[in-house]
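Chain and residue survey
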Amino acid sequence: MAFITANWNPLGEAFYRKIELYEMGWSLRDGLKECLVAAAPYGGPIALLRQPQRPSSSARPQLEIYSSSGANMASFPWKSGPVRQLGWTVCDDLLCIQEDGTVLIYDLFGAFKRHFSMGNEVVQNQVLEAKVFHSPYGTGVAIVTGASRFTLATNIDDLKLRRLPEVPGLQGAPSCWVVLTQDRQTKVLLANGVDLYILDNTSCTPVVRQTQTTYSLLCLIILALSPLTVCVFQTPPGLSPQACSIVNMAVSFSYKYLALFTDSGHLWMGSANLKDKLSEVDTKVRTPPKQMVWCRRPKSQQPSVVIMWDRLLLVAGECTDTIQYTLDEESVCVAELDGVRIIGGSRHELLQEVPSACQDIFKIASMAPGALLLEAHKEYEKSSQKADEYLREIKEQSVLGEAVRQCVEAAGYEHEPETQKTLLRAASFGKCFLSNYPPEPFVSMCRDLKVLNSVREYTVGIPLTHTQYKQMTVQVLIDRLVYRKLYPLAIEICRYLKTPEYQGVSRVLKHWACCKVQQKEEPDESIAHAVSVKLGEAAGISYSEIAARAYECGRTELAIKLLEFEPRSGEQVPLLLKMKRSQLALSKAIESGDTDLVYTVVTYLKNEMNRGDFFMTLRNQPVALSLYRQFCKHQEQDTLKDLFNQDDDHQELGNFYVKASYKEKKLEARLSLLQSAVDEYNKAKNEFAAKATEEEMKLLRFQRRLDEEKGEALLGLSLQETLHALLTSNFHKQAEQLYRDFRVPDKRYWWLKLTALAEKDDWEEMEKFAKSKKSPIGYLPFVEVCVKQHNKYEAKKYVSKVTPEQKVKAHLAIGDLEGAAEAAIERRSEGEISTVLSRCSPTTDRALLERLNRARSTAAKK
Amino acid sequence: MAHSVRRDAPELPDFSLLKRLARDQLIYLLEQLPGRKDLFIEADLMSPLDRIANVTTLKQHDVDKLYKVEHKPIVSTSDQMVRGCFLYPLTNWFLFPDVVNADKYYVILSVYFDISYSYFDVTTDEWSFYLLPLDDDIISLELPEFFRDYFLEGDQRWVRTAGSALHLLHSVYGPFSKVYGIGRCSKMAYESWREQVEEGEQRARQAEIGNVFLIDRDVDLVTPLCSQVVYEGLVDDIFRIKCGCVEFCPDVTSSDKSIKVMLNSQDKVFNEIRNEHFSQVFGFLSQKARNLQTAYDKRSGMNIKQMKTFVSEELKGLKQEHRLLSLHIGASESMMKKKTKQDFQELLKTEHSLLEGFEIRECISYIEEHINRQVSMVESMRLLCLLSLTENGLLPKDYRSLKAQFLQSYGIEHLLTFSNLKQLGLLVEQQPGETLTVMESRVGKLVNDKTAGKLTDAFSSLAKKSNFRALGRRLNLVPKSDEEYDLRVPRDMAYIFSGAYIPLSCKLIEQVLERDGWTGLEEVTRMLNGHEFAVTAGSNGSDARVKTDSQRIILVMFLGGCTFSEISALRFLGREKGIKFIVVTTAITNSARLLESMLDNHA
């Protein structure tokens, strides 16, 4: 404990500490020499591409992937082209950028996933340099080619290559460059000797550097007076023009800050938009550094940059002093959110600014509340009464709450579990003397640390800091564990943190199952069984996704087995289609009850199968068949015909032809369609329909003949309408003929003729007609029709012919009350007399009324 | 009908929420599309849209003009760039094979182009709008095509929509504790709903609707084919109510303009007469007119102050009532003119004889005369169907001769209509028992066992017997005709058909609710082709027993449409039992709509 500050180095106001994370588990003969190294941030994996020992044409380089603790995860000889750069994506995939612009993607375990190219132009010109960068859009790749042109891809998962404009005067690679993400735009900042340019999508803007000495002098004077003056020039403010050539640059983790290193050994630090200067330090080292990275933390006290040379590591901040460490082996720096990790051949270290909470507590002779509380707790453990003294001191200043907070916070920043425990115990001790201190921060810190310690474990090898963990969230951490196939740990963490099943355990299990199905040596049966047993009770598992993965690995049978477990049949359909199990897909779609899905499958089948098979398939699935029929009715009439043909559905075929005949304008075509309909109806043994259709044809021919002869427009009318038209136009003979030919029932014909004659007021003809023979509809209709045409005179003629039963009605129809009364009384029908009575008005003859009433009562008595 | 009203009927839930949901979503979608735009909509969608968001609302959200979709080039008066939003009902789903999702009802197709057509940007969005509250207790899915698509064409794409509608109601007004149903479609809709419930998350809340009853239209095809004689039904039969709105023609309004009137419970006069038998309406209206007159007459004896309060408080209400009253009197008069004529009485008489199974020969000759005289085609067809349904099919001789006469009268194209009617079982030929089984077994042999079930289902309409007589006896649907039925004091639901017939659909609902299930109705369900179910959906069984208000609110969903008469009957039943019915239907139907949907439009 006493040595906690042993590795602290002061830099201005702040302290920096370098702690050892791991002793590397790898055994590299030459350390990191002659290696292409890429280490992912957030304690990610490390990839090494080791050049062969003896440069010969046959020897191949070796690609190795290690965890942060140096545990080997994959190792294989590199068989593709020469690699320019390695890099990691946000989802822990390894990018290998080759000289010819091809980017190969491998997973953590060295399995090849896919590849893409940075453009055709690159193949010829070769990639000179490449950088992998991260932005809110994902992982991007930037390259500069032999033709000195930059190409960018902002997100490799949604590949859109952008070729940036030409940089004037640039030959070969620039002296140094970085990718910046600003204002939702990705730009390249590059230095070519003395010149600085900003490249964006459309233009290449040179950063103006003052060449006139007067200005520079003036500038220098101003700067000498106040180093932080905001300069109006666009050039990096305060960058002395003498120290002109920029040899290295670094952008901070958040893209907010930029550091430039000049060949004069000066380090300029400022904002990434080149507007503000933070500081300028003369490092007095003139050799270009090997690597330069920012070392900041959120809320840090001062910005600083870590510069690495072959044997020297230098931390430079705002003040003129620097911290220098000697390096005894070849190392690589990895910028982190809150520090810099230094990976060497044997050690893995973290260099960071000491957080203020830790500083307050552990600084020698610190009197901060947290420090006092820690001291009090120490005394308490020793059962010394001094504990009380310390506590009292804190309480007197009433800063106990603050003390607890400091201890909790500091515990989060400490790497050693022992230190964490001491701090947390002190916090817990202090909490006892506080009545209403909220427990959440303490509890969640304990939880977080438990999770962090378990992933920092040597075998897991993810050296996350608390700050990084909060930034990356639990979900992402779980993902990373899953990528590393550390399923049990991931599930434990989910359960421990009580993550909802959908996001937690179920997700892990799904990944596990997806991995499980790729185990080629195990038989389908046992995998399917294992998966179902493990996943059985977990909520929200999508078996179709797992099955899809199995299919991708070429295990169709397994995929089908797994799909069986999928409870939602709709989910199974797309994969079944992909696997060409279309029949099964169709029945599953129907099972799901989702007609859109059925329709999707049907359209798919239609394109996949030949007609006959397609129709046969549909035939066994009435739901799909009727759906397809609906489609055909709207879109493909001819297909509909084929469909009926296939089924030998003659009835429907007949209907189809009849329907088609209405759309046909030409009579001949229409008749032939109807003839086809007749044939089909005959085949369907539907004699009635066949006959009706034949009659329709006959009628059409008749109408045409008459239209031609007499100039009538009859075509298309129904039989009734035709007759009516003929009768009203005095073609009685033709009407008679139709009447006979079509065996129109007498009643109908009489009604028809009657109304037609009345409508054209042909009373003479009507009388003739009435006398022609006995009316099959009686004579009451004659009366009614006449009355309807307001011809009472004619109506009267027929009243006498009406049957006795209808006499009353007939009389009433012509408004002859007396006649009606006579008839009613004669028939002695109570109902009829009442009807007549109801039609009587006060003006009716008294005598008649009396007679009626009398007759009614006698009739009623009976 | 005041005698047996139970006064403790529960309050209905507020369905305007559904409207608000639909409107908010539409507005949200429109606002997603930047700039001013013109809205193009199908003619059919005009009235429903108006109920959801009227022109003023749309204009407030950057809609410039509303157009009906016509197949003509679009000329817009807006500036250079035009954004046209096409609102398509998914009935035209073939247009959008990629975006099809029957769950969602409408597609907003936004087309953004400049005047020279050189730039196009087409995006599609989906507007899920499937429930339109027509009144306090009527919700419509506005799917008139449902009946034909499902029952005739066997197209099941609307089943899921029905399930989703149920799901929406469940999530807003549920959880439902008990679900009853009858019919194949009902069962599928129920299953689709259950699936959606299982997929989604459950929220525990106070239920506003307790029980649900699902019924297929083809369970009872007789009722919608009868002439309606309840005021609201009659208005629908004669003037056709569209989306809760009717257009009264000039001879009703006694002016030279026709007027569009909203018919719902907001209309006080209408609300009082909508469920009344037509013969009672006139008396009621004249009484109302007299009351109104007295209210106006009060003025004569008033001093200035009283007059002032009268003008400010009562006059407006009276004026409003006056206007409505005169409209309804006009409508009744016009209906009277049409309906009290001799032939209407005879028509009703024939219908009643058919329902009672009495003097069938006379009925047939009446129908024959009807056809011969070329009275309206739909009416003739309606009578034919009614005859076939009540008589379990026509004798082959009658079937042929009536069909032949019908074709001669109304044209050969009805050959197709007859084929449709036959398929649906609306108009069939009596088959000697043997032939039917032979055919069934033939079908059975054709295919293997599994599909045989499905096929027989598909063909079931062929074999479907309506069994109306037996059902009528069993459920006592046709009251004895010798008793005089007092229409002023209805004693049962038969009053909606002048006391001649209790609608089968409503009787079933009554029976099932009374028995809390289908026990004791086995014979009935067998005659109705089965597919009945009763499920206790709520997991908390103890709660279900408590007779809360929500338990007495019952949602009845008609798949394939229902008539206003049935709604009136249910309202009557509700008043008797102290419960409230909410009717959800795929569309409001009547005999004309039902039969017109059977025609094969070859235009």
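Residues numbered from 1 in each chain as written. Chains lettered and ligands numbered in written order. Predicted model: local features only at pLDDT ≥ 70, side-chain atom pairs only at ≥ 80, totals over all residues. Heavy atoms only, no water.

Under an unreviewed UniProt entry, the name given to chain B is VPS33B late endosome and lysosome associated, and the organism recorded is Oncorhynchus mykiss. Per UniProt, chain B carries the Sequence similarities (unreviewed entry) text "Belongs to the STXBP/unc-18/SEC1 family." (UniProt positions renumbered as here; feature names shortened; annotations may be inferred.)

If you check an unreviewed UniProt entry, chain A appears there as Vacuolar protein sorting-associated protein 16 homolog from Oncorhynchus mykiss. Under the Sequence similarities (unreviewed entry) heading, UniProt states for chain A: "Belongs to the VPS16 family." Looking at the Function (unreviewed entry) heading of the UniProt record, one finds this comment for chain A: "Plays a role in vesicle-mediated protein trafficking to lysosomal compartments including the endocytic membrane transport and autophagic pathways. Believed to act as a core component of the putative HOPS and CORVET endosomal tethering complexes."

1. Notes on the overall build of chain A
The helix and strand tally for chain A stands at 33 helices and 29 strands. Among the 862 residues that make up chain A, the fraction classed as buried is 53%. Partitioning the intrachain contacts of chain A with sequence separation of at least 6 by distance along the chain shows that 50% fall at a separation of at least 24. A total of about 40300 Å² of accessible surface is found on chain A, and carbon and sulfur atoms cover 50% of it. (Helix = DSSP H or I, 4+ residues; strand = E, 2+ residues; numbered from the N terminus. Buried < 20%, exposed > 50% of the residue type's maximum accessible area, 1.4 Å probe, protein only. Contact = heavy atoms within 4.5 Å. Areas by Shrake-Rupley, 256 points an atom, 1.4 Å probe, with all protein chains shown as cover.)

2. Remarks on the overall build of chain B
Per the secondary structure count, chain B includes 25 helices and 14 strands. Counting over 603 residues, chain B shows a buried share of 54%. Across chain B, every contact between residues at least 6 apart in sequence was considered, and the portion connecting residues at least 24 apart equals 75%.

3. As for the pairing of strand 12 (residues 138-145) of chain A
Residue and element names in this part refer to chain A. Across the eight residues of strand 12, eight count as buried, placing the element largely inside the fold. Note that strand 11 (residues 127-135) and strand 12 share eight bridges and pair antiparallel. Bridged to Val132 within strand 12 is Val141. Turn length for the strand 11-strand 12 hairpin, with the two strands adjacent in sequence and antiparallel, is two residues. With four bridges joining them, strand 12 and strand 13 (residues 150-153) adopt antiparallel strand pairing. Considered in strand 13, the bridge of Ala142 is made with Leu152. (Pairing = 2+ DSSP bridges.)

4. Thoughts on the sheet that holds strand 16 (residues 185-192) of chain A
Residue and element names in this part refer to chain A. Ordered by their spatial adjacency, four strands build an open sheet running 15-16-17-18, and the pairing between neighbours is antiparallel. With one partner strand each, in any of the chains shown, strand 15 (176-182) and strand 18 (204-207) form the two edges of the open sheet. Between one strand axis and the next, the sheet turns by 25° as a mean value, whatever way the strands run. Relative to strand 17 (residues 195-199), strand 16 runs antiparallel, the two sharing five bridges. Bridge assignment links Ala191 to a residue of strand 17, and that residue is Leu196. (Axes fitted to C-alpha atoms, helices over the stretch in contact; angles between N-to-C directions.)

5. Overview of helix 30 (residues 804-813) of chain A
Residue pairs three or four apart in sequence face the same way in an α-helix, which turns once every 3.6 residues. Taken together, the buried positions of helix 30 of chain A are A:Val808, A:Ala810, A:His811 and A:Leu812. Just past helix 30 of chain A, the residue A:Gly815 takes up positive phi, approximately 80°.

6. Topic: the sheet that holds strand 13 of chain A
All names here are of chain A. Spatially, the four strands line up as an open sheet ordered 11-12-13-14, and their pairing is antiparallel. Either end of the sheet is taken by a strand with one partner, and the two such strands are strand 11 and strand 14 (161-163). This sheet shows a mean twist of 20° between the axes of neighbouring strands, independent of strand direction. Where strand 13 lies against strand 14, three bridges are found, and the strand directions are antiparallel. Bridging from a neighbouring strand, Ala153 pairs with Leu161 of strand 14.

7. So, the side chain of B:Glu429
Residue and element names in this part refer to chain B. Along the chain, Glu429 falls in the loop between helix 17 (414-424) and helix 18 (433-446). We classify Glu429 as buried; its relative accessible area is 17%. A distance of 3.3 Å separates polar atoms of two side chains, one belonging to Glu429 and the other to Arg400. The residues contacting Glu429, other than those within four sequence positions of it, are Leu394, Pro396, Tyr399 and Arg400. (Polar contact = N/O pair within 3.5 Å; in protein donor to acceptor, adjacent residues only side chain to side chain.)

8. Let's talk about the nonpolar core
Core analysis: the largest hydrophobic core is formed by 290 residues, its most contacted members being B:Leu169 and B:Tyr501. A:Leu754, A:Leu757, A:Trp763 and A:Cys786 belong to the second-largest nonpolar core, a separate cluster that totals 22 residues. (Core = buried A, V, L, I, M, F, W, Y, C linked by side-chain atoms within 4.5 Å.)

9. Here's the deal with the interface of chain A and chain B
Between chain A and chain B, the residue contacts involve 41 residues of the former and 42 residues of the latter. Carbon and sulfur atoms make up 58% of the area that chain A and chain B hide from each other, which totals about 3700 Å². Interface area lost by chain A to chain B is led by A:Tyr662, A:Phe688 and A:Arg748, which between them contribute 18%. Our count for the chain A to chain B interface comes out at zero salt bridges. Connecting chain A to chain B are five residue pairs in polar contact (both at pLDDT 80 or more). For the side of chain A that touches chain B, the elements supplying multiple residues, two or more each, are helix 17 (595-608), helix 19 (622-635), helix 21 (650-663), helix 23 (687-710), helix 24 (719-728) and helix 26 (746-759) of chain A. Considering every element that reaches the side of chain A that touches chain B, the biggest residue donor is helix 19 of chain A, with nine residues. Here the side of chain A that touches chain B is composed, by residue class, of 16 nonpolar, 14 polar and 11 charged. (Buried area = accessible area lost by both parts, 1.4 Å probe. Salt bridge = Lys/Arg side-chain N within 4 Å of Asp/Glu carboxyl O. Nonpolar A, V, L, I, M, F, W, Y, C, P; charged D, E, K, R; others polar.)

10. What to know about the confidence of the model for chain A
On average, residues of chain A score 81 in pLDDT, and 94% of them are at 70 or above. In this model residues 210-234 of chain A is a low-confidence stretch, pLDDT under 50, and it forms 21 contacts with partners more than four residues away in sequence or in other chains. (pLDDT = per-residue confidence, 0-100.)

11. Some remarks on unusual backbone geometry
Residue and element names in this part refer to chain A. Located in the positive-phi region is Tyr255, a residue other than glycine, with phi close to 65°. Secondary-structure assignment places Tyr255 in the loop between strand 19 (246-251) and strand 20 (257-262). In this structure Tyr255 comes out as buried when scored by relative accessible area, which is 15%. The residue Ser383 is not glycine, and still its phi comes out positive at about 55°. As for its placement among the helices and strands, Ser383 is situated in the loop between helix 4 (369-381) and helix 5 (386-396).

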